[in-house]
Amino acid sequence: MTNRYLPLMISWSLWSGAVAQAQPVLTPPAVSASAPVAKPGPRLLTPEERRENASPADNARPEGTVTPQINIPLGPKPTTPLKLERRKESSAPRTAPATIDDTAARCSALVDTTERANCVDRHSREHARP
């Protein structure tokens, strides 16, 4: 049984060897004579300069105090005081609400001029009586 696969195994090993030889060997790049100079970082301050540039301490809120974010009331709700009733005499008298007369609009919407004139006359007589 091994004789049957022997030519296949030999050809596979020759092929893999050829592929390994065909791959180029990577060489590290040569180091140049003058390497670029790195940009220096920010200048560190001396203790005297740090003291002169320091911001003043915030004494309005000393360390250790906590500013509350939310307020959750615990216990029964406080009762609200009763509102006093307003007297009607103290308020100014109000006028009656305006009414809209639809018949006048219907009369003006008529197309025929004679019918429109008759409707307006009839409407003005009806409103003049009361």
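Numbering of residues starts from 1 in each chain and follows the order in which that chain's sequence is written. Where totals are concerned, whole chains, interfaces and linings use all residues; where local detail is concerned, this predicted model gives features only for residues with pLDDT of at least 70, and gives and counts side-chain atom pairs only at 80 or more. Derived side-chain values reflect all non-hydrogen atoms in the structure, with water molecules and hydrogen atoms excluded from consideration.

Colleague: Outline the overall build of the protein, supporting the account with residue identities and numerical values.
Modeller: Looking only at helices and strands, one finds four helices and zero strands in the protein. Numbering of helices and strands starts at the N terminus; helices are DSSP runs of H or I of at least 4 residues and strands are runs of E of at least 2. Traced from its N-terminal end to its C-terminal end, the protein shows the element sequence α-α-α-α. Burial here depends on accessible area, computed with a 1.4 Å probe over protein chains only, as a share of the maximum for the residue type. Under 20% is buried, over 50% is exposed, and the range in between is partly exposed. Relative to its full complement of 130 residues, the protein shows a buried share of 2%. The Shrake-Rupley method, run with a 1.4 Å probe sphere, supplies the accessible areas, and residue values consider only the shown protein chains as cover. For the protein, the accessible area works out to roughly 14200 Å², and carbon and sulfur atoms hold 60% of it.

Colleague: Quick one: what's the story with the pattern of salt bridges, residue by residue and with numbers?
Modeller: One side chain can pair with another of opposite charge once the charged atoms of both are near each other. A pair is scored as a salt bridge if a Lys or Arg side-chain nitrogen falls within 4 Å of a carboxyl oxygen belonging to Asp or Glu. Tallied over the entire structure, the rule returns one salt bridge. The closest approach of N and O atoms between E49 and R43, which form a salt bridge, is 3.4 Å. Residue class for E49 comes out partly exposed when judged on its relative accessible area of 24%.

Colleague: With reference to specific residues and values, describe the state of the cysteines.
Modeller: The definition used for a disulfide is geometric: two cysteine sulfur atoms within 2.5 Å. This model, assessed by the stated rule, comprises one disulfide. Two residues share a disulfide in this structure: C107 and C119, whose sulfurs sit 1.8 Å from each other. Of note, the bridge from C107 to C119 carries an S-S torsion of about -55° and is left-handed in sense. Of this pair, C107 sits in helix α3 (residues 102-108) while C119 sits in helix α4 (residues 113-128), placing them twelve residues apart in sequence. The pair C107 / C119 is uniform in exposure class, with both members buried.

Colleague: For the side chain of H123, give the residues involved together with the corresponding values.
Modeller: As for its placement among the helices and strands, H123 is situated in helix α4. Using a relative accessible area of 15% as the deciding quantity, one classes H123 as buried.

Colleague: So what's going on with a nonpolar patch on the surface? Which residues, and what values?
Modeller: Patches were defined on residues exceeding 30% relative accessible area and lacking a salt bridge, with like-charge contacts within 9 Å and nonpolar side-chain contacts (Val, Leu, Ile, Met, Phe, Trp, Tyr) within 5 Å. A contiguous nonpolar patch, built from Y5, L8 and M9 and spanning about 330 Å² of accessible area, is present on the exposed surface. Within the secondary structure, Y5 is located in helix α1 (residues 2-22). Its relative accessible area of 40% is what places Y5 among the partly exposed residues.

Interpretation in functional terms is not warranted from these geometric data alone.
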